[in-house]
Amino acid sequence: MPYTPINKCLRATVDIRLQHRYTNIATELSRTTHFNKIEVLRLLQMHYMLTKDNTKPMDKLNFIHFMDVFLGVRNVESVDKVYLLCAETNKEYLTGPEFVKVLSLLLKGTLPDLINFCFEVYTEMIRSPKYIKKEDVLLMSRRNSMKMCKLVNMEEYDQSFVDFVMTEVDKDRDNRISLEDYRKSVHENVAWLQFLGQIIPSSNQKEIFMRLFTDRPHVNSIKSTAAEMTRKNRESVARMTLLKSTFSQNENTASSTSFSSDSTGLVVDRNDTVHVTKKNKSTSDGNYLTLF
């Protein structure tokens, strides 16, 4: 059979060997994820490159670094729980197929799937399997406050945020947020999907990263515009944005857990060593070294 290159970052001999190694699992994953077979092959090869020819496993620290550098998700606590939920084969590292599955969910997951996943991540963060209590929301708010520069009336801010969240999300008024409460709130207003911290990459970051392994256009399947919201929901968004605006302005400078803030690309030298190349933010709309 004629050779068709999959990954231009690898030597042809390595590319052929990996295509042969991954072809069966890529076929299977193309049926159970949102990627086609070629995209799965490229992602499996990306995992191979990031783990230095499978000699350095993608452990928790490496996954946290990957999520920060490539997908712009810097909430280390939530990424830690994402890793624990997705590393099913071995809790010490993320396998290639698990890497593909978690990217399928984060990059192209449907809203129902993301609702279940985000709620599970949040309940893992607070160690409560079924509910998010008022005290948990306050605790998470205070954790965010601790990452920021000193601000006046932070305690008052935290309590105001908690009261607002419980008013909007606790649909049955039992002083705790169940999965059903959360689901209803997100369907009314998708902004509630990540109300306790970022888990999913931004639409822009998804689009940039996907250019590394596919030429299919990115479609934001969970986008909700103001025109689609009721007046009440628009007011809720405005209030939540106002309450959280201080966090977003200070988070990057105050957080001690962030690795970087620049865009990245993959570069492989002649010895197949993987490098992460940084791009200035002003060039984040392109100029990436793709795998195909």
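The shown structure was predicted, so the numbers you read here are calculated from the model rather than taken from an experiment.

A. Spatial organisation of the overall build of the chain. Summing up its helical and strand segments, the chain has 11 helices and four strands in all. The contacts of the chain with a sequence gap of at least 6 include a subset with a gap of at least 24, amounting to 66%. Counting every atom, the chain has about 15,200 Å² of accessible surface; 51% of that belongs to carbon and sulfur.

B. Region of the structure containing the nonpolar core. Membership of the largest hydrophobic core comes to 75 residues, with the highest contact counts inside it found for Phe 63, Tyr 182, Leu 193 and Phe 209. Of all the elements, helix α6 (residues 111-126) adds the most residues to this core, at 10 residues. Discounting chain neighbours no more than four positions away, the residues touching Phe 209 are Met 46, Phe 66, Phe 70, Leu 71, Leu 103 and Leu 107.

C. Layout of the packing of helix α3 (residues 60-71) against helix α5 (residues 96-108). The contact between α3 and α5 brings their axes to 14 Å, and the two run at 40°. By the angle between their directions, the pair α3 and α5 is classed as oblique. When you trace α3 past α5, the crossing you get is right-handed. Each of Phe 63, Phe 66, Met 67 and Leu 71 in α3 lies in contact with α5, whose residues at this interface are Phe 99, Val 102, Leu 103, Leu 106 and Leu 107. In terms of residue class, the contact of α3 with α5 is built from nine nonpolar, no polar and no charged.

D. Main features of helix α9 (residues 179-188). Burial in α9 covers these residues: Asp 181, Tyr 182, Ser 185 and Val 186. Projection of α9 onto a plane perpendicular to its axis shows the buried side chains occupying an angular sector of 125°, all on one side.

E. Representation of α5 in the model. A rise of 1.5 Å per residue sets the reference length of α5, with its 13 residues, at 18 Å; its end C-alpha atoms lie 18 Å apart and thus fit the reference within 8%. Buried residues dominate α5, accounting for 10 of its 13 residues. Along α5, the residues that are buried comprise Gly 96, Glu 98, Phe 99, Val 100, Val 102, Leu 103, Ser 104, Leu 105, Leu 106 and Leu 107. Next to the buried residues of α5 lie α1 (12-32), α2 (37-50), α3, α4 (76-86), α6 and α10 (203-210).

What counts and what doesn't
Residues numbered from 1 in each chain as written. Predicted model: local features only at pLDDT ≥ 70, side-chain atom pairs only at ≥ 80, totals over all residues. Heavy atoms only, no water. Helix = DSSP H or I, 4+ residues; strand = E, 2+ residues; numbered from the N terminus. Contact = heavy atoms within 4.5 Å. Areas by Shrake-Rupley, 256 points an atom, 1.4 Å probe, with all protein chains shown as cover. Core = buried A, V, L, I, M, F, W, Y, C linked by side-chain atoms within 4.5 Å. Buried < 20%, exposed > 50% of the residue type's maximum accessible area, 1.4 Å probe, protein only. Axes fitted to C-alpha atoms, helices over the stretch in contact; angles between N-to-C directions. Parallel < 35°, antiparallel > 145°, perpendicular 65-115°, else oblique. Left-handed = near helix turned anticlockwise from the far one by under 90°. Nonpolar A, V, L, I, M, F, W, Y, C, P; charged D, E, K, R; others polar. Arc of directions from axis to C-beta. Expected span 1.5 Å × (residues − 1).

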